[in-house]
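# Survey of secondary and tertiary structure
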Amino acid sequence: MNGSSKLKDRIKAHSPTALWSFLHDIRHSYVRPFLGKISGGLGSSLSGRWALSKLKASRDTQISNYFKNFPVRKLQLGAGSNNLPGWLNSEGFAPSSFTHSFKIAGDYIFLDVCQPFPFSDNSIDYIFHEHVMEHLNYHDGQFMLRECYRILKPGGRIRIATPDLEYFVGLYGEQTSENQKRFLNEYVRFNSDVWSADLKHVRGNHAVFVMNHNFRAWGHQFIYDYRTMASALEAVGLVDTERQLPQESKDSNFRGLEFRKEIVGIFDALIVEAVKPVKPAQNQSVKG
C-alpha cells in the first residue's frame, strides 16, 4: 500500500460516514472529470505530460519493432489492463480506460481511436477491442471502424466486446431469471465502490440503478445491441458478422482474449466478429 492509500484509509477511518460519502462523490463527479479535461487523462503533473509526449515519440519505433518480430500482426485497441502477449497493445490513456503506472506504459503504444491510425492500408491481420465502442458516440465509433477496415488485410478479422443493450433492457421487468438476479446483485456490489453516487441508494430496485449506471458511467456514450453493431460493421465494408461467446471463437487467435471473466462482463457481453472481404463489394465505399 502506498502513502496515498494509507492517508486515504486514515481519513476515511476518522471521518463520519456521511462526510466521507460526500467527499467521495465530489471526487468522482467533479475532480476527476476536471483533471481529465485539462490533461488528457494524465492528471495535471508535468511528469504526466512528459511521459505522454515520450510515448507518442516512441510509437513509430515500437510499431516497427513489432512488425519485424511478429509476422502475424495483431492489434489491440484500448488495451487497459489487458496486456496480451504477442499483440501490439495500444491505449489512448483516457481516464476511463487506462489505469497503469507509467513504469509499464512502455509496453503499449499511444493510439487515439478518434484519429487516423498510424498504420498503412492492409497491414494488420487481427484487431481486438474490449469495452471501447461504448465510450464513443456513434459517429466516432463509425470512424474507428472505418480505420479498422482500412488497416486490416483482405481476409483479416476483427473481434469486438462491448455491453449488450438488449441484455440490460431485459433486466427490467417483473420476471427475472436467477442469472439476472445474480448479475444485478454482483453489478451493484462490484461497482458501488467505484461509482457510489449512483449505486449507494439501491434497495430492491436494482435494475433501475444498474441500467442508469451502465448507460452513463465511465464516459459511456452509445450502447449497442447486436443488430445495430452488425449494421455498423457492414456499413464500413466488413462481412460475415457473427456473434460469439466470451473467451470462445472459431479462430484460435481470438480465444481467451477478454479481460472480463466474472459474471459482470460475461452475462452482459456483446461479442461480435467480422471479416474484411478479400475482394471489396462493388460500389462499397469506406471513406469517411
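Residues numbered from 1 in each chain as written. Predicted model: local features only at pLDDT ≥ 70, side-chain atom pairs only at ≥ 80, totals over all residues. Heavy atoms only, no water.

## Here's the deal with the overall build of the protein chain
- The helix and strand tally for the protein chain stands at nine helices and seven strands.
- Counting every position in the protein chain, which comprises 288 residues, the buried fraction comes to 44%.
- Long-range pairs, those at least 24 residues apart, make up 70% of the contacts in the protein chain between residues at least 6 apart in sequence.
- Here the protein chain displays about 15700 Å² of accessible surface, and carbon together with sulfur accounts for 54% of that area. (Helix = DSSP H or I, 4+ residues; strand = E, 2+ residues; numbered from the N terminus. Buried < 20%, exposed > 50% of the residue type's maximum accessible area, 1.4 Å probe, protein only. Contact = heavy atoms within 4.5 Å. Areas by Shrake-Rupley, 256 points an atom, 1.4 Å probe, with all protein chains shown as cover.)

## So, helix 4 (residues 138–151)
- The terminal C-alpha atoms of helix 4 lie 20 Å apart, and with 14 residues this matches the ideal 20 Å at 1.5 Å per residue to within 8%.
- With ten of 14 residues buried, helix 4 lies mostly within the body of the structure.
- Taken together, the buried positions of helix 4 are occupied by G141, Q142, M144, L145, R146, E147, C148, Y149, R150 and I151.
- Of the surrounding elements, those touching the buried residues of helix 4 are strand 1 (74–77), strand 4 (124–130), strand 5 (152–163) and helix 9 (226–235).
- Between the side-chain oxygen of the N-cap and the backbone nitrogen of H139 there are 3.1 Å, and the N-cap of helix 4 in question is N137. (Expected span 1.5 Å × (residues − 1). Polar contact = N/O pair within 3.5 Å; in protein donor to acceptor, adjacent residues only side chain to side chain.)

## A short note on helix 9
- Residues of helix 9 that are buried include every one of M229, A230, A232 and L233, and no others. Summarising the axial view, the buried residues of helix 9 lie within an arc of 160°, below the 170-degree limit, and thus occupy one face.
- Buried residues in helix 9 make contact with helix 4, strand 5, strand 6 (239–244) and strand 7 (269–275).
- Immediately beyond the C-terminal end of helix 9, within one or two residues, lies G237, with a positive phi of roughly 110°. (Arc of directions from axis to C-beta.)

## Re the side chain of D268
- In this structure, D268 sits in the loop between strand 6 and strand 7.
- With near-sequence residues (within four places) excluded, D268 lies in contact with T162, P163, D164, Y167, F168, F183 and I263.

## Details of the environment of N69
- In this structure, N69 sits in helix 3 (residues 46–69).
- Note on N69: relative accessible area 57%, which makes it exposed.
- C-alpha separation for the pair N69 and G86, spaced 17 residues apart in sequence, amounts to 9.4 Å.
- Of the polar contacts made by the side chain of N69, one reaches the backbone oxygen of N65; its length is 3.0 Å.

## Considerations on unusual backbone geometry
- For N122, which is not glycine, the phi dihedral falls at a positive 55°.
- Along the chain, the position of N122 falls in the loop between strand 3 (109–110) and strand 4.

## Re the pairing of strand 4
- Burial analysis of strand 4 places seven of its seven residues in the buried class, which makes it a mostly covered element.
- Bridging between strand 1 and strand 4 involves four bridges; their strand directions are parallel. If you follow L77 over to strand 4, its bridge partner there is H129.
- Here strand 4 runs beside strand 5; their pairing, made up of six bridges, is parallel. Bridge pairing links H129 to I160 in strand 5. (Pairing = 2+ DSSP bridges.)

## Notes on the packing of helix 4 against helix 9
- Their axes nearest at 9 Å, the elements helix 4 and helix 9 cross at an angle of 50°. The angle between helix 4 and helix 9 falls in the class oblique. For the pair helix 4 and helix 9, the sense of crossing is right-handed. Mapping the contact onto sequence places Y138, Q142 and L145 in helix 4 and T228, A232, L233 and A235 in helix 9. (Axes fitted to C-alpha atoms, helices over the stretch in contact; angles between N-to-C directions. Parallel < 35°, antiparallel > 145°, perpendicular 65-115°, else oblique. Left-handed = near helix turned anticlockwise from the far one by under 90°.)

Coordinates in, geometry out; function isn't part of it.
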